[in-house]
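# Close look at the chain arrangement
In case you want the letters, here they are:
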2 protein chains.
Amino acid sequence: MDSLQLAARLRTFLPSEAVLHETEDLRPYECDGLSAYRQAPMIVVLPQTEGEVIEVLKVCHAAKTPVVARGAGTGLSGGALPHAEGVLLSLAKLKRILEVNPVARVARVQPGVRNLAISEAAAPYGLYYAPDPSSQIACSIGGNVAENSGGVHCLKYGLTVHNILKLRVVTIAGEILEIGGESLDSPGYNLLALMTGSEGMLGVVTEVTVKLLPRPEKAQVVMVAFDDIRQAADAVANVIGAGIIPAGMEMMDKITTRAVEEYVHAGYNLDAAAILLCESDGTVEEVVEEIRRIDEIMNESGATEIRTSRDEAERLKFWAGRKAAFPAAGRVSPDYYCMDGTIPRNKLAQVLSGIEALSAEYGLRCMNVFHAGDGNLHPLILYDANKSGELEMTEEFGAKILQMCIQAGGTITGEHGVGIEKINQMCSQFKTGELEMFHAVKAAFDPEGLLNPGKAVPTLRRCAEHGAMHVHRGEEKFPELPRF
Amino acid sequence: MDSLQLAARLRTFLPSEAVLHETEDLRPYECDGLSAYRQAPMIVVLPQTEGEVIEVLKVCHAAKTPVVARGAGTGLSGGALPHAEGVLLSLAKLKRILEVNPVARVARVQPGVRNLAISEAAAPYGLYYAPDPSSQIACSIGGNVAENSGGVHCLKYGLTVHNILKLRVVTIAGEILEIGGESLDSPGYNLLALMTGSEGMLGVVTEVTVKLLPRPEKAQVVMVAFDDIRQAADAVANVIGAGIIPAGMEMMDKITTRAVEEYVHAGYNLDAAAILLCESDGTVEEVVEEIRRIDEIMNESGATEIRTSRDEAERLKFWAGRKAAFPAAGRVSPDYYCMDGTIPRNKLAQVLSGIEALSAEYGLRCMNVFHAGDGNLHPLILYDANKSGELEMTEEFGAKILQMCIQAGGTITGEHGVGIEKINQMCSQFKTGELEMFHAVKAAFDPEGLLNPGKAVPTLRRCAEHGAMHVHRGEEKFPELPRF
């Protein structure tokens, strides 16, 4: 079936304006948040109901046409990059909040609902949805499920997988699966966790039931300055080591705080080599006690300044700086490349030294801003795409950071997903047997490989061609990289 | 290959005493904690190393012989019931603690290590492993992973799946998979969660890396009495509704407290229709504050007595009663049948009324003792196997309780697994499409169905023969049961 025939077939049950296939109509869908990769799809469809999603999948299944599902398109790993000969299935119009149940503390929503919109709908009941990616104003809950998104508060409140209870999923064959339940455990294999973070490779989510939490009575954030980034890293380990799980625990290095401060005037200490933002939330008494203990540990860890937010306005100002770090990078450099490796917390200081050494080696600046509490790094490599060869150098620098994360016992992604961006690094992260198992799971759901082909899990041939040396749990090492 | 040939083949790499096939040697392995079902295996093997496990699986794979893995055999759903023509693979001798790392806060252990032994090994560092099934003195971590075990403290600290980081798993083909990692998220599909609770159907676990938590500075438990079991149920909802997640939140009805009190003298209020045990843990200040709030809510919920443990001895005495509830049932009745349904917390009062009505209808007493905070019921039906027909009536009563749990939006198991016991109820819990997906996942790992065949996931034919009416999320109802 060619694209015109397929479009005609889709228009038998979708309104004409919900099936796009003119070049100019396709352009907005060419990329997601990773705009370095672009590809127009053959057709874009915009269903409005679950029934329409089922029909779209049945048609594509029958026509053996690839399908790439897309939420708000804010993803940073190219997971929603279209397939040239495929249908881009936008879930943007499935955006109804179906139920907010304050007694059961759940909300049932369609996949196109924005992350923040859930908390807004729950606010009248004093409830909210905990995971808060930086893009929460725009990103959709369906995309959050596909990427198992985190955010500043996931250290205490968990990732998407820890905050959802049920899913309705449509298989490539157009069948509905109801997965999970409202209780702590479910019989049968844990398909809820399997589906979460599967990057649109196993099915299309049409409904999400999320947990709602009571909004904490109080939240307060401490800004702590250090003369040495390694001391800051150790302070993070010391806080966690004392049994405290802060609501958020973020680190920024000097190059970041300076870029941010010029942009949003968050009130950061600009002389510090690194600052930590450490949030406590709970009842008033809990927060007072926790902040006291955090202060104590920070002092013992060599902090040069500790400043506690005096009111909600100052708390929000401290966070505004952190949340604006990515756009701030865009102001100080023509281009930047955001990485997303995760490492054990006790390796933070070593890996930061390694990044510093690589930065010098490549002559490229790197802003370090990250979820320190859970060891989730977001190095932003600053470069200029107009300078010949600089993008390639940046990619190489980035790949080495990820290899270093694997060697340190970590992983190549914390919360952004693999998508198309990190697919080669998967060859380093996993052994052949593990990749084969991923493919077998994929085949259980989608035997013909029509859902988001080419993403997240590399073929064994790709790994052979990529020639990646397998680096697993630091057992084998790249000789040119710092050792752990 | 007959059993003698297979035994000889296994003895080429296992010492003679590690391959049992004489009738008297097989008898101890005939059942697990669900002793109503008994079946001798063809052969029992007791490997001591991962290498031996791999060889056993390779031999069984080549010989197309079923393999049932077994931990300590404390499971309550018959998950380790042997296969008459299969090998029972005991992991009991893989019981080394390989590493306790207080800095990374993890322990790496073999599957035969007892749950409590992990906490004992971590104790010198002030750390412990949180999930605490009632059988924790005896049960093994490998079995905990297979069943996704919970325990009294899982309300606050989560089930096994929330407390493990990595697994080494041997596939039926004898290949090693390394699954998960020490960071919050991992790339690729979430095989760690998929494997956890898969009841030995997908692979054999040979190493588990668990999270260790700092032992709380203080723990205190409140015993609260109510004149009406429904009030107690509502009090549970009120505590959770106020945003408090107690370390444990257990309920016992009058028949249970009386049976327990005669046995262990826990100091319970014996006039109460129901008592709650509600634990708070954390820093001294946190516990004081949380207990104050719990007291307030219990009073508002109509408590007739609130007693806070005055010291550690009294705290342990309160818990000793709860932990002895099952043996106490064995003292007041010749036999008892323990169920394990889970329901949304806000349905507690309704389902308890339903159980009461069924108890009257069948003329069988039922002790209610359960993890109230997470809605995980453990009704103990008291019966006498020597009275003709009473076991059958008990099974029917039990099946109706589980159907009621499904109708209330819950599930047929909270933490004990499906095993052989609840396999027919899976036909009520899931639709054909969902069961088909489970089978497809199973086939991805074990295409020939050699691992623990006949457990956990019923065949579609079995469901057709069982004739179960599909009751899903209360959408369809059994006319003879109370409505929700």
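Look above for the structure.
Right, let's walk through the structure included here. What you see as residue numbers is a count from 1 along each chain, following the sequence as written. Starting at A for chains and at 1 for ligands, labels are handed out in the order in which the entities are written. In view of the model being predicted, local features appear only for residues whose pLDDT reaches at least 70, and side-chain atom pairs are presented and counted only at 80 or more, with totals across whole chains, interfaces and linings using the full set of residues. Hydrogens and waters are ignored; side-chain quantities use all the structure's heavy atoms.

## A closer look at unusual backbone geometry
All names here are of chain A. Where we set the bar: The way it works is that DSSP assigns letters per residue, a run of H or I at least four long becomes a helix, a run of E at least two long becomes a strand, and they are numbered from the N terminus. Residue exposure (1.4 Å probe, protein chains only): buried if accessible area is under 20% of the type maximum, exposed if over 50%, otherwise partly exposed.
A positive phi angle is found at Lys-64, which is not glycine, with a value near 50°. For Lys-64, the position within the fold is in the loop between helix H3 (50-62) and strand S3 (67-70). Lys-64 sits in the partly exposed class, given a relative accessible area of 47%.

## Some thoughts on the relation of the copies chain B and chain A
We apply this condition: The atoms used to superpose the copies are C-alpha atoms, taken from residues with pLDDT of at least 70 in both, and the fit is least squares. Two residues qualify as a contact provided that any one of their heavy atoms is within 4.5 Å of a heavy atom in the partner residue.
Between chain B and chain A, the superposition needs a rotation of 180° and an axial shift of 0.0 Å, giving an RMSD of 0.0 Å. A rotation of that kind, with that shift, is consistent with a two-fold axis. When the interface residues of chain B are mapped onto chain A, 99% of them are again interface residues, pointing to one common binding face.

## Quick word on the sheet that holds S3 of chain A
Residues and elements named next belong to chain A. Heads up, the rule is: Strands pair, by our definition, only if DSSP identifies at least two bridges between them. In this analysis an axis means a line fitted to C-alpha atoms, helices contributing only their contacting stretch, and an angle means the value between N-to-C directions, from 0 to 180 degrees.
Taken in spatial order, the 4 strands line up as S1-S2-S4-S3 in an open sheet, and their pairing is mixed. Looking at which strands have only one partner, the edges of the open sheet turn out to be strand S1 (19-20) and S3. Taken together, the 4 bridges between S3 and strand S4 (residues 87-90) define a ladder with parallel strand orientation. The residue bridging Val-67 from the neighbouring strand is Val-87, located in S4. Strands in contact with helix H1 (residues 3-10) are S1, strand S2 (43-45) and S4; relative to S2, the strand with the most contacts, it is inclined by about 10°. Against the sheet, H3 contacts S2, S3 and S4, and its axis sits at roughly 165° relative to S4.

## With respect to the sheet that holds strand S8 (residues 164-170) of chain B
Residue and element names in this part refer to chain B. Strands sit in the order S5-S6-S10-S8-S9 across an open sheet of 5 strands; the sheet is antiparallel. If you trace the sheet from one side to the other, it starts and ends with strand S5 (97-101) and strand S9 (176-180), each paired once. Shown here is a sheet whose adjacent strand axes are inclined to one another by a mean of 10°, direction ignored. Across 4 bridges, the pairing between strand S6 (residues 106-109) and strand S10 (residues 204-211) is antiparallel. By the bridge assignment, Ala-107 is partnered in S10 with Val-210.

## Observations regarding the state of the cysteines
The line we're drawing: Pairs of cysteine sulfur atoms within 2.5 Å are what we label disulfides.
Enumeration over the complete set of coordinates arrives at 2 disulfides over all chains. Between the sulfur atoms of Cys-427 of chain A and its disulfide mate Cys-463 of chain A the distance is 2.1 Å. Where Cys-427 of chain A bonds to Cys-463 of chain A through sulfur, the torsion about that S-S bond is close to -85°, and the disulfide is left-handed. Within this pair, whereas Cys-427 of chain A is found in helix H15 (residues 426-429), its partner Cys-463 of chain A is found in helix H17 (residues 460-466), the two being separated by 36 residues in sequence. Taken individually, Cys-427 of chain A and Cys-463 of chain A each receive the classification buried, so the pair is uniform in this respect. Between Cys-31 of chain B, a cysteine without a disulfide, and Cys-338 of chain B, which holds the nearest cysteine sulfur, the sulfur-to-sulfur distance is 15 Å. Here Cys-139 of chain B stays free of any disulfide, with the sulfur of Cys-154 of chain B as its closest cysteine sulfur at 13 Å. Relative accessible area serves as the criterion here: at 3%, Cys-139 of chain B is assigned to the buried category.

## Describing the packing of helix H1 (residues 3-10) of chain B against helix H3 (residues 50-63) of chain B
All names here are of chain B. Convention followed: When describing relative orientation, an angle under 35 degrees is termed roughly parallel and one over 145 degrees roughly antiparallel, while 65 to 115 degrees is termed roughly perpendicular and anything else oblique. Each crossing is labelled by how the near helix is turned from the far one, with a counterclockwise turn of less than a right angle marking it left-handed and a clockwise turn marking it right-handed. Each residue receives one of three labels: charged for Asp, Glu, Lys and Arg, nonpolar for Ala, Val, Leu, Ile, Met, Phe, Trp, Tyr, Cys and Pro, and polar for the others, Gly being one of them.
In the contact formed by H1 and H3, the axes pass within 10 Å of each other and the chain directions differ by 150°. Considered as vectors, H1 and H3 are oriented roughly antiparallel to each other. Crossing of H1 against H3: the hand is right-handed. Every residue of H3 that contacts H1 at Leu-6, Arg-9 and Leu-10 is listed here: Val-56, Val-59 and Ala-63. Of the residues that constitute the contact of H1 with H3, the class distribution is 5 nonpolar, no polar and 1 charged.

## Quick look at the pattern of salt bridges
One side chain can pair with another of opposite charge once the charged atoms of both are near each other. Here is the rule we go by: We count a salt bridge whenever a side-chain nitrogen from Lys or Arg sits within 4 Å of a carboxyl oxygen from Asp or Glu.
Per the stated rule, a full pass over the model turns up 48 salt bridges over all chains. The salt bridge partner of Lys-323 of chain A is Asp-132 of chain A, with a shortest N-O separation of 3.9 Å. With a gap of 191 residues between them, Lys-323 of chain A in helix H11 (residues 312-323) and Asp-132 of chain A in the loop between strand S7 (127-128) and helix H5 (141-147) connect regions that are remote in the sequence. For Asp-281 of chain B, the salt bridge is made with Lys-156 of chain B, and the minimal N-O distance between the two is 2.6 Å. One end of the pair, Asp-281 of chain B, is in strand S14 (residues 274-282); the other, Lys-156 of chain B, is in helix H6 (residues 154-157), with 125 residues separating them in the sequence. Sharing partners across several salt bridges, the network here consists of Glu-50, Arg-168 and Glu-178 of chain A together with Lys-431 of chain B.

## Quick look at the packing of helix H8 (residues 229-241) of chain A against helix H13 (residues 348-362) of chain A
Residue and element names in this part refer to chain A. In the contact formed by H8 and H13, the axes pass within 8 Å of each other and the chain directions differ by 150°. By the angle between their axes, H8 is roughly antiparallel relative to H13. With respect to the hand of their crossing, H8 and H13 are arranged in right-handed fashion. When H8 is examined against H13, the residues Ile-229, Arg-230, Ala-233, Asp-234 and Val-236 are found in contact with a partner set consisting of Leu-348, Ala-349, Leu-352, Ser-353 and Glu-356. Class assignment for the residues of the contact of H8 with H13 results in 6 nonpolar, 1 polar and 3 charged.

## Observations concerning the pairing of strand S9 (residues 176-180) of chain A
Residue and element names in this part refer to chain A. Counted residue by residue, S9 has 4 buried out of 5 residues, so it is predominantly covered. Sheet topology places strand S8 (residues 164-170) next to S9; 5 bridges connect them, and they run antiparallel. The partner of Lys-166 across the bridge, within S9, is Gly-180. The hairpin turn running from S8 into S9, its antiparallel successor, is 5 residues long, and Gly-174 in that turn takes a positive phi close to 85°.

## Topic: the nonpolar core
Under the convention used in this document: Only buried residues count toward a nonpolar core. Its members are Ala, Val, Leu, Ile, Met, Phe, Trp, Tyr and Cys residues joined through side-chain atoms within 4.5 Å.
Ranked by internal contacts, the top residues of the largest apolar core, which has 182 residues, are Met-251 and Phe-445 of chain A together with Met-251 and Phe-445 of chain B. If we skip the residues at most four places from it in the chain, Met-251 of chain A touches Ile-229, Ala-232, Ala-233, Val-236, Ala-274, Ile-275, Leu-276, Leu-352, Asn-368, Val-369, Phe-370 and Ala-372 of chain A.

## Side note on helix H13 (residues 348-362) of chain B
All names here are of chain B. Stated formally: Between the first and last residue of a helix there are one fewer steps than residues, each counted as 1.5 Å, and that sum is the expected span.
Here H13 is 15 residues long and its end C-alpha atoms lie 21 Å apart, about the 21 Å a rise of 1.5 Å per residue gives. Considered for burial, the residues of H13 that qualify are Leu-348, Ala-349, Val-351, Leu-352, Gly-354, Ile-355, Leu-358, Ser-359 and Tyr-362. Buried residues belonging to H13 abut helix H8 (229-241), strand S13 (248-253), strand S17 (366-371), strand S18 (379-383) and helix H14 (390-407).

## A look at the packing of aromatic side chains
Applied cut-off: Side-chain rings of Phe, Tyr and Trp, where Trp is taken by its six-membered ring, are said to pair if the distance between their centres is within 6.5 Å; with planes under 30 degrees apart they count as stacked, over 60 as edge-to-face, and otherwise as tilted.
Counted by the stated rule, this structure contains 10 aromatic pairs over all chains. Between the aromatic rings of Tyr-128 of chain A and Tyr-157 of chain A, the centroid separation amounts to 6.4 Å while the plane-to-plane angle is 80°, which identifies the pairing as edge-to-face. Of this pair, Tyr-128 of chain A sits in strand S7 while Tyr-157 of chain A sits in helix H6 (residues 154-157); the two residues are 29 residues apart in sequence, bridging distant segments of the chain. Exposure class is identical for Tyr-128 of chain A and Tyr-157 of chain A. Each is buried. Judged by centre distance (5.0 Å) and plane angle (85°), the ring pair of Phe-430 of chain B and Phe-438 of chain B falls under edge-to-face. Among the residues examined, Phe-430 of chain B registers a relative accessible area of 9% and is labelled buried. Aromatic ring contacts, followed pair by pair, group Tyr-189 of chain A together with Phe-430 and Phe-438 of chain B into a single cluster.

## Points about the interface of chain B and chain A
In many reports, interface size means the accessible area that the parts give up when they come together. Heads up, the rule is: Buried area: the accessible area, evaluated with a 1.4 Å probe, that two parts lose upon being put together, summed over both parts. Counted as a polar contact is a pair of N or O atoms within 3.5 Å, where, for protein atoms, one must be capable of donating a hydrogen and the other of accepting one, and residues adjacent in sequence contribute only when both atoms are in side chains.
Contacts between chain B and chain A engage 67 residues on the former and 66 residues on the latter. Roughly 5,500 Å² of surface becomes buried between chain B and chain A when both sides are summed, with 61% attributable to carbon and sulfur atoms. Linking chain B with chain A are 2 salt bridges, by the criterion used here. As a salt-bridge pair, Lys-431 of chain B and Glu-178 of chain A come within 3.3 Å of each other at their nearest N and O atoms. Scanning the region where chain B abuts chain A turns up 8 residue pairs in polar contact (both at pLDDT 80 or more).

Geometric values such as these leave the question of function open.
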